[in-house]
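Given next are the chains, with one letter for each unit.
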Amino acid sequence: MHERTAIVTGSTSGIGREVAMGLLEEGYTVLVTGRRAALLEDVLEKARKNDLKAISHVADLSTEEGILSLIRKGQSALPHIDILVNNAGGLVFAPIENITDKDYETLMSVNLRAPFLLSRAFLPEMKKRGSGLIVNISSVAGTEAWEGSSLYSMTKFALRGLTGSLLAEGAPHGVKAFAICPGYVATPMVSGAPVPLKEMIQPNDILKTIRYVRDLSPYAVSPEILLNRLGAFS
Ligand SMILES: NC(=O)c1ccc[n+]([C@@H]2O[C@H](COP(=O)([O-])OP(=O)(O)OC[C@H]3O[C@@H](n4cnc5c(N)ncnc54)[C@H](OP(=O)(O)O)[C@@H]3O)[C@@H](O)[C@H]2O)c1
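Definitions and cut-offs
- Residues numbered from 1 in each chain as written.
- Predicted model: local features only at pLDDT ≥ 70, side-chain atom pairs only at ≥ 80, totals over all residues.
- Heavy atoms only, no water.
- Core = buried A, V, L, I, M, F, W, Y, C linked by side-chain atoms within 4.5 Å.
- Buried < 20%, exposed > 50% of the residue type's maximum accessible area, 1.4 Å probe, protein only.
- Helix = DSSP H or I, 4+ residues; strand = E, 2+ residues; numbered from the N terminus.
- Contact = heavy atoms within 4.5 Å.
- Lys, Arg positive; Asp, Glu negative; His and termini not counted.
- Salt bridge = Lys/Arg side-chain N within 4 Å of Asp/Glu carboxyl O.
- Near = heavy atom within 4 Å.
- Polar contact = N/O pair within 3.5 Å; in protein donor to acceptor, adjacent residues only side chain to side chain.
- Areas by Shrake-Rupley, 256 points an atom, 1.4 Å probe, with all protein chains shown as cover.
- Pairing = 2+ DSSP bridges.
- Axes fitted to C-alpha atoms, helices over the stretch in contact; angles between N-to-C directions.

Going by what an unreviewed UniProt entry lists, the chain is known as Putative 3-oxoacyl-[acyl-carrier protein] reductase and is assigned to Leptospirillum ferrooxidans.

Before going further, it helps to spend a moment on the nonpolar core. The tendency in soluble globular proteins is for nonpolar side chains to be buried as a group. With 30 residues, the main nonpolar core has Val-19, Val-30, Val-135 and Ile-206 as its most contacted residues. Elements that contribute at least two residues to this core include exactly β1 (5-9), α1 (14-25), β2 (29-34), α2 (37-49), β4 (83-86), β5 (132-137), β6 (175-182) and α6 (203-214). No other element matches α1, which puts six residues into this core. The contact partners of Val-135, leaving out residues within four places of it in the chain, are Ile-83, Leu-84, Val-85, Asn-86, Phe-178, Ile-180 and Ile-210. Membership of the second largest hydrophobic core comes to 27 residues, among which are Ile-55, Ala-88, Met-126 and Leu-167.

Attention now goes to the side chain of Lys-156. Along the chain, the position of Lys-156 falls in helix α5 (residues 150-170). One buried charged residue, Lys-156, forms no salt bridge at all, with the nearest opposite charge on Glu-224 at 12 Å. Filtering out sequence-adjacent residues up to four positions away, Lys-156 remains in contact with Asn-111, Ile-137, Ser-138, Ser-139, Ala-141 and Gly-142.

With that out of the way, let us pick up the site of the ligand. Near the ligand you find 30 residues, and of these Thr-12, Ser-13, Arg-35, Tyr-152 and Thr-187 are the closest. Between the ligand and Gly-10, the relevant distance is 2.9 Å, taken from an oxygen atom to a main-chain nitrogen or oxygen of the residue. Lys-156 is positioned with one of its side-chain polar atoms (N or O) 2.9 Å from an oxygen atom of the ligand. For the ligand, whose free accessible area comes to 880 Å², the fraction covered by protein is 94%. At the level of secondary structure, the elements contributing two or more residues to the shell around the ligand comprise α1 and α5.

The strand order across the open sheet formed by seven strands is β3-β2-β1-β4-β5-β6-β7, and the pairing between neighbours is parallel. Strand pairing shows two members of the sheet lacking a second neighbour, β3 (54-58) and β7 (224-227), which therefore form its edges. Averaged over neighbouring strand pairs, the angle between their axes works out to 15 degrees when direction is ignored. In the sheet, β4 pairs with β5 via four bridges, with the strands oriented parallel.

The following block contains the structure:
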């Protein structure tokens with residue numbers, strides 16, 4: 001039987017970990033990655049115990065070399081990629097005058113250069129095989145901007161631009177791409193937010209959204225899904 005495979009960036013924590021575990025449980029071989037080796041080992045251990053197939057790679061996506069090392073790992077450890085989830089991300093929320101050059105370099109690399117380089121590396125092989133899915137985790141901050149969101153919103157708006165083009169280039173070859181734009185999701189990234197974690201979107205909702213779009217029939221596409229938090233309307 002065809003081995004189903006996925007790369008999920010930022011799978012040490014939050015959304016990425018939930019998505020990686022969910023795909024592992026469905027039988028995918030999943031390449032999990034992040035900077036924190038101990039948390040990756042924890043995912044591997046859970047996978048081993050349940051007879052699931054995870055491969056790990058420690059990489060810092062704030063550097064080009066980190067991104068390229070992940071691409072090499074994906075190419076050498078997996079026969080092909082069925083699903084690429086560009087999830088890893090950092091958050092900087094501050095008035096623009098307080099955002100440093102280092103913040104800029106880091107966020108542009110993790111949130112944007114990594115999805116761009118990973119997509120560039122893996123889309124051609126998906127097109128050749130005639131199937132594949134690229135999921136980009138954007139944000140509601142990629143659809144609107146507020147005080148303090150300049151840098152974060154830049155990266156998340158741009159990610160939607162990348163997604164649209166990936167879909168246009170991939171669709172004629174059977175490859176889909178879509179972006180998810182969630183409001184607050186209950187993860188460590190927003191543990192300081194003025195909303196209780198239990199009243200936020202849950203990481204499992206992101207997993208369900210990926211499964212929903214993945215399982216649509218071949219000619220049905222959903223370029224992006226906005227997932228608002230219920231309380232955000234009040
Ligand atoms: N939580 C929300 O409310 C929310 C809402 C909308 C969108 N998002 C987006 O969802 C994605 C996942 O975030 P989350 O909420 O799950 O937060 P999280 O729990 O803090 O997870 C962030 C993940 O990104 C990885 N990461 C961060 N910097 C990295 C770097 N330099 N190199 C490699 N990996 C790095 C982290 O791994 P290591 O620390 O191990 O490197 C971690 O696995 C992000 O793109 C975020 O912008 C989140």
